[in-house]
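Tertiary structure, described
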Amino acid sequence: MGLQQGLVTWFAGVLFLSTLLLSCADVHHYEFFVRESNFTKLCNTTTLLVVNDSYPGPEIRVHRGDTVFVNVHNQGNYGFTIHWHGVKQPRNPWSDGPEFVTQCPIQPGTNFTYEIVLSDEIGTLWWHAHSDWTRGSVHGAFIILPAKKETYPFPTPDADQTVILESWYDGDYKQIIDDALAAGVSPRQPNAYAINGHVGDTYGCPNDTIFRMQVDSEKIYLLRIINAAMNEHFFFTIANHTLTVVAQDASYVRRFTRDYILISPGQTMDVLVSANRNVGQYYMAIRPFSDSSAAPVDNITTGIFQYTNSEGGLNASLITLPVMTDTDAMINFLDQIRNTNVSQNPGINVPADKDIKTRAFIAIAVNNLPCNTCVLGTRLVASLNNVSFVSPRIDILQAYYNRNMSGVFTEDFPLNPPVFYNFTGDLTNFNTPIEEGTRVIVVNYGEGVEMVLQATQMGAGGSHPIHLHGFSFYWVGTGFGNFNNKTDPSTYNLVDPPLINTVHVPGRRWVAIRFFATNPGVWFMHCHLERHSSWGMDTVLIVRNGKTKKTSIRPPPSTMPRCPGT
């Protein structure tokens, strides 16, 4: 499919969905009051920054194609922003949220109203703070139900349940990362993992609560699973029950059934489960997955899948989950994910080879730089193509849009590694020069883009969940070892690749993604392992305006937060 034909198909799909959605779209208003509240877990009381005094925060529940306004009041002690993870925000980067990329922080004692524009997203997304580590406690679900005249492309569930997987720290999340950055070391491990704010019954504190999902026998439930953890991929299961995956990242996928799922930080999955076992109580459980030498704590956190009128103890006291280092379980699960050609999805429109105008091959690494004030004489940094991202003090979107600010960013992010080496080999005594800077990728409106993301063994190696704001993209390929640009493209799946916003790049492997750059604006791309993003495993994609008003960035609202010192 050529570029012109591809864009015609894309516009036709958008026009069809827009006609369907605008005929019954609604406008919703939410008020978020962000302030500190006390929470007691693990027999300790911790003060956290949260929304509306709840952890996790309030759920947004709307219909496909609706518009949502969220007035965020900062009643805390420092500035922050909110990001609407997976919402494309067509032409509206002003409300996307990453700090110093598309806006400056909402300062204490002030408020800002986000306009969240939904398009073809369907299913489960989420929202979270996008400043320092504040997303660890400032987050919640963003549920997008079918439009009022739309149906599910699978058996209609009798009910749904949001399941948010979290990292629990005894302590202030921002302070944890601030202390680690000052010392040049990795931030400490979480004290526990949580399901919907409950740490379960495995940590030894008798006062801890466990999440219970009550179900009726023979009913079908849709689990809306969100990995809001700071740095942990998770295996998830419900004992003695099978899980049918039906959507990922607010796009339907071809249904497949497993007894566990793997979900990476930032990802969302919609999963059907039938309450078709003997009446009783069954564990649901999570444990981390890791293919890195810097492994997380191998804790299992529990919840309970509880049938109505069940009595006595748990029917299934044994939890069957892959071991934390089971890379086969990881690969076997990821290999099952495919797009599905249903009317509720946008038509599959993968850029063909001739449509690709920008190709980027990006090596992902963790590195060290000298640091006289750090405890080890060096500090940890992270990089994409040997560039460690430096956050500016004036947001990139403002500087780009106004064209009257110099020195905020440069348009020279390298599209290939400056040094080629055996990315997935033994790199114990190997290092490459790292540069720090605010360097961005710039592409023209409408052109096809391919990015190959190459995991490396620099640092601790391991998997990376890479998230791109402003887009869903097609995950067209993956393979073991170093990417070969002569032979590996022949293995691409251009027929039914999944349409996602966060891709799991496994350790010692590469993945390839493709998309058409049809959303003008400034869009953050980063690892959703929060420590890696804090160290600079980030960049920015700028999509230039098209030739018409409808293909150009909307003007900014007059209420945008001011940058410090301006």
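Source: prediction; values computed, not measured. (Residues numbered from 1 in each chain as written. Predicted model: local features only at pLDDT ≥ 70, side-chain atom pairs only at ≥ 80, totals over all residues. Heavy atoms only, no water.)

**Examining the packing of aromatic side chains**
All chains considered together, the criterion is met by 30 aromatic pairs. Relative to tryptophan 84, the ring of phenylalanine 32 lies with its centre 6.3 Å away and its plane at 45°, an arrangement referred to as tilted. With phenylalanine 32 in strand S1 (residues 27-41) and tryptophan 84 in strand S5 (residues 82-85), the pair connects residues that are 52 residues apart, well separated along the chain. Residue phenylalanine 32 shares its accessibility class with tryptophan 84, and that shared class is buried. With 5.1 Å between their ring centres and 75° between their planes, tyrosine 193 and phenylalanine 234 make a pair best called edge-to-face. With tyrosine 193 in strand S10 (residues 192-195) and phenylalanine 234 in strand S13 (residues 233-238), the pair connects residues that are 41 residues apart, well separated along the chain. Take tyrosine 193: its relative accessible area is 1%, and that puts it in the buried class. Ring-pair connections join several aromatic residues into one group, and the members of that group are Phe361, Phe420, Tyr421, Phe423, Phe430, Phe483, Tyr492 and Trp510. Positioned over the ring face of tyrosine 78 is lysine 174, at 5.2 Å from the centre of the ring. Over the ring of phenylalanine 100 we find arginine 393; its NZ or CZ atom is 4.1 Å from the centre of that ring. (Phe/Tyr/Trp six-rings, centres within 6.5 Å; stacked < 30°, edge-to-face > 60°. Helix = DSSP H or I, 4+ residues; strand = E, 2+ residues; numbered from the N terminus. Buried < 20%, exposed > 50% of the residue type's maximum accessible area, 1.4 Å probe, protein only. Lys NZ or Arg CZ within 6 Å of the ring centre and 35° of its normal.)

**Side note on the pairing of strand S27 (residues 464-468)**
For S27, the tally of buried residues reaches five of five residues, placing the bulk of the element in the interior. Alternating positions in S27 separate into two faces, His464, Ile466 and Leu468 on one and Pro465 and His467 on the other, with burial throughout. Relative to strand S32 (residues 521-527), S27 is paired through three bridges, and the arrangement is antiparallel. Bridge pairing in S32 places leucine 468 opposite methionine 525. (Pairing = 2+ DSSP bridges.)

**Quick look at the pattern of salt bridges**
The tally for this structure, following the rule as stated, stands at 21 salt bridges. Ionic pairing is found between arginine 224 and aspartate 270, a salt bridge with its closest N-O pair at 3.7 Å. Separated by 46 residues along the polypeptide, arginine 224 in strand S12 (residues 220-227) and aspartate 270 in strand S17 (residues 268-274) bring together distant segments of the chain. Relative accessible area serves as the criterion here: at 4%, aspartate 270 is assigned to the buried category. Note that aspartate 353 and arginine 514 form a salt bridge whose closest N and O atoms lie 2.7 Å from each other. Within this pair, whereas aspartate 353 is found in the loop between helix H3 (327-334) and strand S21 (356-370), its partner arginine 514 is found in strand S31 (residues 509-516), the two being separated by 161 residues in sequence. Salt bridges linked by common partners bring Glu59, Arg61, Asp160, Arg224 and Asp270 together as one network. (Salt bridge = Lys/Arg side-chain N within 4 Å of Asp/Glu carboxyl O.)

**Some points on the UniProt feature "domain: Plastocyanin-like" (unreviewed entry) in the protein**
Mapped onto this structure's residue numbering, the UniProt feature "domain: Plastocyanin-like" (unreviewed entry) falls at residues 34-147, 161-309 and 413-546. Helix makes up 7% of residues 161-309 and strand 48%, whereas the separation of the span's terminal C-alpha atoms amounts to 19 Å. Annotated as residues 413-546, this span is 4% helix and 41% strand, and its ends, taken at the C-alpha atoms, are 22 Å apart. (UniProt positions renumbered as here; feature names shortened; annotations may be inferred.)

**Here's the deal with the sheet that holds strand S8 (residues 139-145)**
One open sheet holds the four strands; their spatial order is S3-S8-S7-S5, and the pairing between them is mixed. For this open sheet the edge positions go to strand S3 (60-63) and S5, each flanked by a neighbour on one side alone. Each strand of the sheet is rotated relative to its neighbour by a mean of 20°, with strand direction disregarded. (Axes fitted to C-alpha atoms, helices over the stretch in contact; angles between N-to-C directions.)

**Here we look at unusual backbone geometry**
Following tyrosine 55, the chain continues into proline 56 via a peptide bond in cis, with omega recorded as -5°. Within the secondary structure, proline 56 sits in the loop between strand S2 (44-51) and S3. Positive phi outside glycine occurs at phenylalanine 100, with the angle close to 65°. Among the structural elements, phenylalanine 100 can be located in the loop between S5 and strand S6 (111-117). Despite not being glycine, arginine 508 shows a phi value in the positive range, around 60°.

**Description of the nonpolar core**
Taken as a class, soluble globular proteins show a tendency for nonpolar side chains to be buried jointly. Membership of the largest hydrophobic core comes to 76 residues, with the highest contact counts inside it found for Phe236, Ile261, Phe305, Phe333 and Val503. Look past the residues within four positions of valine 503 in its chain and what remains in contact with it is Gln267, Leu453, His464, Pro465, Ile466, Phe473, Trp475, Val511 and Ile513. Tyr30, Tyr78, Ile396 and Phe524 belong to the second largest nonpolar core, which has 44 residues in total. (Core = buried A, V, L, I, M, F, W, Y, C linked by side-chain atoms within 4.5 Å. Contact = heavy atoms within 4.5 Å.)

**Here we look at the layout of surface pockets**
One water molecule sets the probe size; rolling that probe over the atoms shows where empty space is left. Approximately 750 Å³ is the volume found for the second largest pocket. Listing elements by their share of the lining of the second largest pocket, those giving two or more residues are helix H2 (173-183), strand S22 (378-384), strand S23 (387-389) and helix H5 (530-535). Looking at which element gives the most residues to the lining of the second largest pocket, the answer is H5, with four residues. A class-by-class count of the residues in the lining of the second largest pocket yields 16 nonpolar, ten polar and seven charged. (1 Å grid on protein atoms, 1.4 Å probe; cavity = no way out; pocket = protein on both sides within 12 Å on 5 of 7 lines; lining within 4 Å. Points joined across faces, edges and corners; volume = space filled by probe spheres on them. Nonpolar A, V, L, I, M, F, W, Y, C, P; charged D, E, K, R; others polar.)

**Points about the environment of serine 490**
In this structure, serine 490 sits in the loop between strand S28 (473-480) and strand S29 (499-500). Sequence spacing of serine 490 and glycine 477 is 13 residues, and the spatial spacing of their C-alpha atoms is 9.4 Å. Within polar-contact distance, the side chain of serine 490 engages the backbone oxygen of threonine 487 at 2.6 Å. (Polar contact = N/O pair within 3.5 Å; in protein donor to acceptor, adjacent residues only side chain to side chain.)

**Here's the deal with H2**
Those residues of H2 that sit buried are Tyr173, Lys174, Ile176, Ile177, Ala180 and Ala183. Buried residues along H2 sit in contact with S2, strand S9 (159-168) and H5. Residue aspartate 172 occupies the N-cap position of H2, its side-chain oxygen lying 3.2 Å from the main-chain nitrogen of lysine 174. Downstream of H2 by one or two residues, glycine 184 has phi in the positive range, about 80°.

**Brief notes about the sheet that holds strand S33 (residues 538-543)**
Sheets are built from strands that pair by backbone hydrogen bonding, the pairs being arranged parallel or antiparallel. Pairing is mixed across the open sheet formed by five strands, whose spatial order is S25-S33-S32-S27-S30. Edge strands, defined here as strands with exactly one partner in the open sheet, are strand S25 (440-443) and strand S30 (502-505). Within the sheet, the average angular offset between the axes of one strand and its neighbour, ignoring direction, is 20°.

**Considerations on the pairing of S1**
Relative to strand S4 (residues 67-74), S1 runs parallel, the two being bridged by eight bridges. The partner of histidine 28 across the bridge, within S4, is valine 68. Between S1 and S2, which follow one another and run antiparallel, lie two residues, and leucine 42 among them has a positive phi close to 55°.

**Examining the state of the cysteines**
Tallied over the full model, the rule gives three disulfides. At a sulfur-sulfur separation of 2.0 Å, the disulfide partner of cysteine 43 is cysteine 205. Disulfide cysteine 43-cysteine 205: torsion about the S-S bond near 95°, hence right-handed. One end of the pair, cysteine 43, is in the loop between S1 and S2; the other, cysteine 205, is in the loop between S10 and strand S11 (211-215), and 162 residues separate them in sequence. Covalently, cysteine 371 is tied to cysteine 374 through a disulfide, its sulfur atoms 2.1 Å apart. Across the S-S bond of cysteine 371 and cysteine 374 the torsion is about 70°, and the bridge reads as right-handed. Numbered in order of appearance, the disulfide-bonded cysteines of the protein are paired 1-3, 2-6, 4-5. (Disulfide = S-S within 2.5 Å.)

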